[in-house]
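Close look at the chain arrangement
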Amino acid sequence: HTAIQHLAGVLGDAVYVESLASGPVEGHRLRSGVDGREYDIYWTNHDPGEAAVQSVLPNLDGLATDIFGNPVPAVAGFEPVIIAVP
């Protein structure tokens, strides 16, 4: 419930912009329907320590939060990381 409230407050009626990564790491860019900012969302369904994942991890930069709005390191893992595009 908290995650849905946070995501709705940040993304609202978001518009899909583009795919940023696929394969061991998934990444997508969305444009917020709330403030018009773009947000990148990354995650992996594989062990983040696997060589296949490490070889394609993007160099993430910016303010990163988890789906609850808590600040987290800008690293793709099992839990999605949301990064406000500067």
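Relevant structure appears above.
Computed from a prediction, not measured in an experiment: that's the story for all the values here. (Residues numbered from 1 in each chain as written. Predicted model: local features only at pLDDT ≥ 70, side-chain atom pairs only at ≥ 80, totals over all residues. Heavy atoms only, no water.)

1. Concerning the side chain of Ser32
Put simply, the rule is: Secondary structure counts use DSSP, requiring at least four H or I residues in a row for a helix and at least two E residues in a row for a strand, with both numbered from the N terminus. Contacts are residue-level and defined by heavy atoms, with any inter-residue pair within 4.5 Å sufficient.
Along the chain, Ser32 turns up in the loop between strand S2 (25-31) and strand S3 (38-44). Contacts of Ser32, omitting those with residues within four sequence positions, involve Val10, Leu11, Ala14, Arg37 and Tyr39.

2. Observations concerning the pairing of S3
If a strand is regular, its side chains alternate between the two faces of the sheet. Condition: Relative accessibility under 20% of the residue-type maximum defines a buried residue, over 50% an exposed one, and the middle range a partly exposed one, all with a 1.4 Å probe and only protein chains included. Strand pairing is defined by DSSP finding a minimum of two bridges between the two strands.
For S3, the buried fraction is high: five of the seven residues fall into the buried class. Linking S2 to S3, which pair antiparallel, is a turn of six residues; within it Gly36 sits at a positive phi near 80°. Judged from the four bridges that link them, S3 and strand S5 (residues 81-84) form a sheet pairing that is antiparallel. The residue of S5 that forms the bridge with Tyr39 is Ala84.

3. Quick notes on the pattern of salt bridges
Going by this rule: We count a salt bridge whenever a side-chain nitrogen from Lys or Arg sits within 4 Å of a carboxyl oxygen from Asp or Glu.
Under the definition given, this model contains four salt bridges. Notably, a salt bridge pairs Arg29 with Glu18, separated by 3.8 Å at the nearest N-O pair. With Arg29 in strand S2 and Glu18 in strand S1 (residues 15-21), the pair connects residues that are eleven residues apart, well separated along the chain. One network of salt bridges, in which partners are shared, links Glu18, Arg29, Arg31, Glu38 and Asp40.

4. Examining helix H1 (residues 2-11)
The line we're drawing: The directions from the helix axis to the C-beta atoms form the arc being described.
Within the sequence span of H1, burial applies to Ala3, Val10 and Leu11. Along the axis of H1, the buried positions cluster into a sector of 80°, meaning they face one direction only. Those residues of H1 that are exposed and aimed more than 90 degrees away from the buried face are Ile4 and Gln5. Looking at the buried positions of H1, the neighbouring elements they touch are S2 and S3. With its phi angle positive at about 50°, Gly12 sits one or two positions after the end of H1.

5. Some words on the nonpolar core
Buried together is how nonpolar side chains tend to be arranged in soluble globular proteins. Spelled out, the test is: The definition of a nonpolar core used throughout is a set of buried Ala, Val, Leu, Ile, Met, Phe, Trp, Tyr and Cys residues joined through side-chain atoms within 4.5 Å.
Membership of the largest hydrophobic core is limited to eight residues, which are Ala21, Val25, Tyr42, Leu60, Ala64, Ala76, Val81 and Ile83. Once residues lying within four places of it in the same chain are set aside, the contact partners of Ile83 are Glu38, Tyr39, Asp40, Leu60, Asp61, Gly62, Leu63, Ala64 and Ala74. Counting seven residues, the second-largest nonpolar core is a separate cluster that includes Leu11, Tyr39, Ile82 and Ala84.

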